[in-house]
Amino acid sequence: MALINIDNEKCNLSYSCVRICPVNAIKVEAHQDYPEIMHNACIGCGHCLKVCSPGAISYRDSKEETKTLLASDDKVAAICGPSISGEFHDITDYRKFVDMIRALGFDYVLEASFGVDLVAHRYNDLFTGFKGKYYITANCPAVVSYIEKFHPGLTDNLAPIVSPMIATTKVARKKYGNGLKVVYIGPCVETKREGKRYRDDGRVDSVLTFTELRELFTEYDITEKKVEFSDFDPPIGFKGSLYPISTGILEAAGIDQGLLDGKVITAEGRNSMLEAVNQFEKHIDNIKKHFNLFYNEGCIMGPGTSRGGEKFRRHALVIDYAKKRLKNFDSRKWEKDMEEFGKLDLSRKFKKDDQRLPYPDEDKIQEILQVIGKEHNVDEIGCASCGYTSCRDFAVAVARGLAKTEMCLTFTLKNRHDYIKTLRDTNQKLAETQEALKKSEKNARRDQQLARESFETTRTMLEKLPSSVVLVDSELKVIQANKSFINMLDEEARMIEDIIPGLEGADLKTLLPYNFYNLFSYVLNQDDNIVNRDVHFNEILYNVSIFTIRKNKVVGAVIRDLYVPEVRKEEVIKRVTDVIDKNLELVQKIGFLLGEGASETEAMLNSIIESYKMPEKPEKDGE
Ligand code: SF4
Ligand code: SF4
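I will try to describe carefully the structure that is included in this document. (Residues numbered from 1 in each chain as written. Chains lettered and ligands numbered in written order. Predicted model: local features only at pLDDT ≥ 70, side-chain atom pairs only at ≥ 80, totals over all residues. Heavy atoms only, no water.)

### With respect to the overall build of the protein
So, step 1. Across its full length, the protein carries 23 helices and 15 strands.
So, step 2. Taking 2.2 N^0.38 as the reference for a compact globule, 623 residues should give roughly 25 Å; the C-alpha atoms of the protein span a radius of gyration of 54 Å, well beyond that estimate.
So, step 3. Restricting to contacts in the protein with at least 6 residues of sequence separation, those with at least 24 account for 69%.
So, step 4. For the protein, the exposed area adds up to about 33500 Å²; of that, 52% sits on carbon and sulfur atoms.
So, step 5. One finds the centroid of the 88 positive side-chain charges in the protein at a distance of 9 Å from the centroid of its 97 negative side-chain charges. (Helix = DSSP H or I, 4+ residues; strand = E, 2+ residues; numbered from the N terminus. Rg over C-alpha atoms; globule rule 2.2 N^0.38 Å. Contact = heavy atoms within 4.5 Å. Areas by Shrake-Rupley, 256 points an atom, 1.4 Å probe, with all protein chains shown as cover. Lys, Arg positive; Asp, Glu negative; His and termini not counted. Charge placed at Lys NZ, Arg CZ, Asp CG, Glu CD.)

Here it is as structure tokens:
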């Protein structure tokens with residue numbers, strides 16, 4: 001399992017981790033939402049853990065590994081980092097704390113302050129025996145990783161001395177046997193990786209953070225009340241217990257820290273440490289000092305300590321504890337131990353692990369600056385809300401695929417403004433469309449009403465007509481028929497009307513004989529109107545006109561019963577008039593040839609017309 005992990009389920013996409021990571025080891029690629037840790041680039045500083053408010057970031061849990069060691073037949077030693085005094089202030093006596101650890105099943109409980117004393121002496125030798133080369137202390141594992149990965153050119157300037165954790169581990173194995181298993185308990189996360197770097201007497205089998213130790217106490221219900229006093233197993237340290245404070249190791253080494261004659265500069269905390277390494281690289285020939293560096297503000301504030309710790313309170317607790325331990329201190333025993341264990345090999349080598357990414361093309365950087373609207377602001381000034389020190393650095397990160405443009409606050413705000421404007425415009429258009437829709441809906445309703453009214457008017461008019469009227473569609477289905485049409489049908493057809501009122505939808509073929517409905521088919525198919533055709537139906541002679549209403553889709557017919565006296569009279573007049581009109585020329589020619597005879601023929605025909613034009617005599621009552 002990787003050292004640092006992100007749980008996407010808990011992540012709220014704040015990107016605080018991306019902004020705080022000192023080495024840009026957390027990337028957000030253009031196509032992804034969630035941040036992703038680049039484990040090879042991560043230096044294990046744990047800063048991302050501290051800023052992740054939903055607790056989406058966690059470090060590798062070593063509790064199970066430790067439990068397995070404790071359950072084995074091997075002897076297991078716990079080595080406690082000197083910063084226990086700053087963390088476990090809720091336990092009233094350190095001897096109770098030691099016994100609580102024993103209650104977990106550890107065979108030995110040692111304090112790393114003796115390892116600090118050993119290492120401090122090596123630093124004293126290195127710094128006082130100056131041979132023209134300046135060194136950076138290698139006690140903070142995050143600093144060591146940072147230099148190996150991002151300033152590999154300074155790897156040779158790392159002090160070639162193991163950390164107090166490794167020194168104490170070597171001491172424990174020398175004293176309690178090489179088969180001893182070692183669990184280091186400290187405030188740091190990167191120590192989990194550092195411990196696995198060593199083989200033989202320097203190897204650390206597991207590393208618990210203070211937070212994990214508290215979790216184990218809770219899991220096994222181990223409290224101060226349930227244990228007795230118990231002291232640390234030897235060897236006991238001297239001033240090494242001051243190590244959690246950044247200058248503590250110099251104090252333990254007796255190295256001069258005076259401004260005029262001091263040989264070492266101490267820097268602690270993310271920004272100071274990064275700046276110190278930069279300046280060491282650039283200006284060490286002017287600075288001419290060794291550097292004592294810590295990523296955090298001393299070990300008391302490491303990412304493996306409880307959240308919410310207060311630096312100066314922890315600082316005071318560490319000093320109080322150191323004073324208490326130095327009372328009645330057995331310096332002769334300490335000197336003897338120092339002599340014995342001072343012979344251990346505490347040397348160390350480092351390896352370059354260059355994780356720097358190639359610098360992108362200038363064109364690409366300019367393109368990105370243009371996208372985020374910063375092409376005219378390419379100097380070192382930036383709002384830093386993206387986590388990068390300048391807009392240019394941010395553009396470089398985007399070009400390297402580590403960040404996406406949306407992480408730029410001004411770009412996002414501008415996009416948001418544009419988006420809001422678009423949204424507003426769209427809303428405006430929507431409102432206008434809705435208004436237009438309302439109007440057209442109103443118009444449509446009015447048109448519908450008008451159509452309904454005119455339909456009703458037509459229907460009423462049709463009903464009032466003495467002639468039969470029927471409209472049919474392309475399949476000869478009745479669209480509309482008036483009462484006269486229904487009355488002219490036979491009994492069977494009228495029964496259909498009982499089932500289908502108005503005969504709407506009834507098949508014309510079931511209502512009329514073939515010779516009749518075929519005329520409708522003809523007009524539908526040929527689009528040729530039939531005017532005044534006589535058709536016999538039910539022993540009545542009808543005058544039929546069929547005409548196209550919608551080409552090939554709808555035809556209508558007007559059918560008149562020629563046996564109705566008014567119709568008959570009107571028809572006879574019309575037809576005789578037609579005969580006279582059509583034959584007028586012929587009559588004139590005949591008249592010309594026959595003289596008076598032709599005039600008589602015309603007079604006779606006119607008299608027929610007149611006789612039909614005369615009103616009928618009203619029927620007498622009772623006739
Ligand atoms: S800080 Fe935590 S919540 Fe925010 S982006 Fe990083 S992992 Fe997600
Ligand atoms: S532990 Fe440090 S280096 Fe690693 S991802 Fe988190 S902030 Fe970056």
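### Structural notes on the site of ligand 2
So, step 1. Around ligand 2, the neighbouring residues are Ile4, Cys21, Pro22, Val23, Ile26, Cys42, Ile43, Gly44, Cys45, Gly46 and Cys48.
So, step 2. Classifying every residue of the shell around ligand 2 gives nine nonpolar, two polar and no charged. (Near = heavy atom within 4 Å. Nonpolar A, V, L, I, M, F, W, Y, C, P; charged D, E, K, R; others polar.)

### Observations regarding the side chain of lysine 96
So, step 1. Summarising the element assignment, lysine 96 is placed in helix α5 (residues 94–103).
So, step 2. Within the buried set, lysine 96 has no salt-bridge partner at all; the shortest N-O distance to an opposite charge, 4.7 Å, is to glutamate 224.
So, step 3. Discounting residues that sit within four places of it in the chain, lysine 96 has contacts with Ile91, Glu224, Val227, Glu228 and Phe229. (Buried < 20%, exposed > 50% of the residue type's maximum accessible area, 1.4 Å probe, protein only. Salt bridge = Lys/Arg side-chain N within 4 Å of Asp/Glu carboxyl O.)

### Some details on the pattern of salt bridges
So, step 1. For the coordinates displayed, the defined rule picks out 29 salt bridges.
So, step 2. For arginine 197, the salt bridge identified is with glutamate 148, shortest N-O distance 2.4 Å. One end of the pair, arginine 197, is in the loop between α9 (191–194) and β8 (206–209); the other, glutamate 148, is in helix α7 (residues 141–150), with 49 residues separating them in the sequence.
So, step 3. For arginine 197, a relative accessible area of 34% corresponds to the partly exposed category.
So, step 4. Between lysine 149 and aspartate 353 there is a salt bridge, with its nearest N and O atoms 3.2 Å apart. Taken together, the positions of lysine 149 in helix α7 and aspartate 353 in the loop between α14 (331–341) and α15 (362–371) put the pair 204 residues apart, joining distant regions of the chain.

### Points about the packing of aromatic side chains
Aromatic rings considered in pairs are described by the distance between their centres and by the relative angle of their planes.
So, step 1. Summed over all chains, the structure comprises 20 aromatic pairs.
So, step 2. Measuring from ring centre to ring centre gives 4.9 Å for phenylalanine 238 and phenylalanine 329, while their planes differ by 25 degrees; the resulting arrangement is stacked. In this pair, phenylalanine 238 is assigned in the loop between α10 (210–219) and α11 (248–253) and phenylalanine 329 in the loop between α13 (311–326) and α14, connecting sequence segments 91 residues apart.
So, step 3. You can call phenylalanine 238 partly exposed: its relative accessible area is 26%. (Phe/Tyr/Trp six-rings, centres within 6.5 Å; stacked < 30°, edge-to-face > 60°.)

### Description of the sheet that holds strand β15 (residues 554–561)
So, step 1. Strand order in this open sheet of five strands is β12-β11-β15-β14-β13, and the pairing throughout is antiparallel. One side of each edge strand has no neighbouring strand; the edge strands of this open sheet are β12 (478–481) and β13 (530–537). If you compare each strand with its neighbour and ignore which way they point, the axes differ by 25 degrees on average.
So, step 2. Here six bridges tie β13 to strand β14 (residues 540–550), and the two strands are oriented antiparallel to one another. Paired with aspartate 534 across the two strands is asparagine 543, which belongs to β14.
So, step 3. In the packing of helix α21 (residues 514–526) onto the sheet, the strands contacted are β11 (468–473), β13, β14 and β15, and the crossing angle to β13 comes to about 160 degrees. (Pairing = 2+ DSSP bridges. Axes fitted to C-alpha atoms, helices over the stretch in contact; angles between N-to-C directions.)

### What about the pairing of β14?
So, step 1. Here β13 folds back onto β14, and the loop between the two strands holds two residues, one of which, asparagine 538, carries a positive phi near 55 degrees.
So, step 2. In this sheet, β15 lies alongside β14 in antiparallel orientation, the contact comprising eight bridges. The residue of β15 that forms the bridge with threonine 548 is valine 555.
So, step 3. Hairpin connection of β14 to β15: three residues between the antiparallel strands, including asparagine 552 at a positive phi of 60 degrees.

### So, the sheet that holds strand β5 (residues 76–80)
The strands that make up a sheet pair up through hydrogen bonds in the backbone, lying either parallel or antiparallel.
So, step 1. If you trace the four strands from one edge of the open sheet to the other, you get β6-β5-β7-β8, paired in parallel fashion. Each end of this open sheet is capped by a strand with a single partner; those strands are β6 (108–111) and β8. Within this sheet the neighbouring strands show an average axis-to-axis angle of 25 degrees, counted without direction.
So, step 2. Relative to β6, β5 runs parallel, the two being bridged by four bridges. Bridge pairing links cysteine 80 to glutamate 111 in β6.
So, step 3. Each of β7 (181–186) and β8 touches α10; the most contacted strand, β8, lies at about 85 degrees to it.

### A closer look at α21
So, step 1. For α21, built from 13 residues, the straight-helix expectation of 18 Å at 1.5 Å per residue is met to within 8% by its first-to-last C-alpha distance of 17 Å.
So, step 2. The complete set of buried residues in α21 reads Phe516, Tyr517, Leu519, Phe520, Ser521, Val523 and Leu524.
So, step 3. Contact partners of the buried residues in α21: β11, α18 (483–488), α20 (508–511), β13, β14 and β15. (Expected span 1.5 Å × (residues − 1).)

### Observations concerning the packing of helix α6 (residues 113–128) against α14
So, step 1. Contact geometry of α6 with α14 gives a least axis separation of 11 Å together with a crossing angle of 65 degrees. Of the two elements, α6 crosses α14, and the hand of that crossing is right-handed. Residues Phe114, Asp117, Leu118 and His121 of α6 form the contact with α14, whose participating residues are Trp334, Asp337, Met338 and Phe341.
So, step 2. Taken together, the residues of the contact of α6 with α14 sort by class into five nonpolar, one polar and two charged. (Left-handed = near helix turned anticlockwise from the far one by under 90°.)

### Looking at the pairing of β15
So, step 1. β15 sits mainly inside the fold: six of its eight residues count as buried.
So, step 2. Sheet topology note: the β11/β15 ladder contains six bridges and is antiparallel. Across the sheet, the residue bridging to valine 472 is valine 555, located in β15.

### Regarding the site of ligand 1
So, step 1. Neighbouring ligand 1 are Ile6, Cys11, Asn12, Ser14, Tyr15, Ser16, Cys17, Pro35, Cys52, Pro54 and Ile57.
So, step 2. Split by residue class, the shell around ligand 1 holds eight nonpolar, three polar and no charged.

### Overview of the packing of α15 against helix α16 (residues 391–399)
So, step 1. The N-to-C vectors of α15 and α16 enclose an angle of 110 degrees; their axes lie 9 Å apart at closest approach. Judged by the angle between their axes, α15 and α16 are roughly perpendicular. α16 is crossed by α15, and the crossing has right-handed handedness. Facing α15, whose interface residues are Glu362, Lys364, Ile365, Gln366, Ile368 and Leu369, α16 presents Cys391, Arg392, Ala395, Val396, Val398 and Ala399. (Parallel < 35°, antiparallel > 145°, perpendicular 65-115°, else oblique.)

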